[in-house]
Amino acid sequence: MKKIIIFIIALSGLLSCAKEGQPDELLSEDKMVEIMVDIHLAEGMASSLPVSYDSSKKLYPLFESRVFENHQVADTVYMESLEYYLRDTEKMEELYGRVIDSLNVKEKEGK
């Protein structure tokens, strides 16, 4: 989880130089949080399978594509929305706070 947060912060620094326009299909903050939660769960599932690291690396994209299918969102729309939200580090911290809270609730519920 810490690696992901560090990655997001580093990526936000790189993207701060990118163009400032809002994407045509910007996902709402609530939808972003839902998808990010499911992506982290998929990542955890792939890493916890009793298979080699190389195999789990190959399985993760399948899990990730399933997340996008379940949310009926194209991966490009998600990535463009993520890049947009990463430009505002305070907003991204807020979104990740919500993601972490949601993951903690799911963990307590045992889901």
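Refer to the structure above for everything that follows.
Throughout what follows, the structure given in this document is the object of discussion. This is a predicted model, so every value here is computed, not measured.

What follows deals with the packing of helix α2 (residues 29–48) against helix α4 (residues 75–86). One can describe the packing of α2 onto α4 by two numbers: an axis separation of 11 Å at closest approach and a directional angle of 110°. As the angle between them shows, α2 and α4 are arranged roughly perpendicular. For the pair α2 and α4, the crossing hand works out as left-handed. Along the contact surface, α2 presents Glu29, Met32, Ile35, Met36 and Ile39, while α4 presents Tyr78, Ser81, Leu82 and Tyr85.

Right, let's talk about the nonpolar core for a bit. Core analysis: the biggest nonpolar cluster contains 23 residues, and Ile35, Tyr78 and Met92 have the highest contact counts within it. Take this core: its biggest share by element is eight residues, from α2.

Okay, the pattern of salt bridges next. Inspection of every chain in the model, using the stated rule, returns five salt bridges. Note that Glu29 and Lys91 form a salt bridge whose closest N and O atoms lie 3.1 Å from each other. Separated by 62 residues along the polypeptide, Glu29 in helix α2 and Lys91 in helix α5 (residues 89–109) bring together distant segments of the chain. Residue class for Glu29 comes out partly exposed when judged on its relative accessible area of 26%. With a shortest N-O distance of 3.9 Å, Lys31 and Glu34 are connected by a salt bridge. In this pair, Lys31 and Glu34 are both assigned in helix α2, three residues apart and thus about one turn of the helix distant. The exposure class of Lys31 is partly exposed, given its relative accessible area of 24%.

Criteria and cut-off values
- Residues numbered from 1 in each chain as written.
- Predicted model: local features only at pLDDT ≥ 70, side-chain atom pairs only at ≥ 80, totals over all residues.
- Heavy atoms only, no water.
- Axes fitted to C-alpha atoms, helices over the stretch in contact; angles between N-to-C directions.
- Helix = DSSP H or I, 4+ residues; strand = E, 2+ residues; numbered from the N terminus.
- Parallel < 35°, antiparallel > 145°, perpendicular 65-115°, else oblique.
- Left-handed = near helix turned anticlockwise from the far one by under 90°.
- Contact = heavy atoms within 4.5 Å.
- Core = buried A, V, L, I, M, F, W, Y, C linked by side-chain atoms within 4.5 Å.
- Buried < 20%, exposed > 50% of the residue type's maximum accessible area, 1.4 Å probe, protein only.
- Salt bridge = Lys/Arg side-chain N within 4 Å of Asp/Glu carboxyl O.

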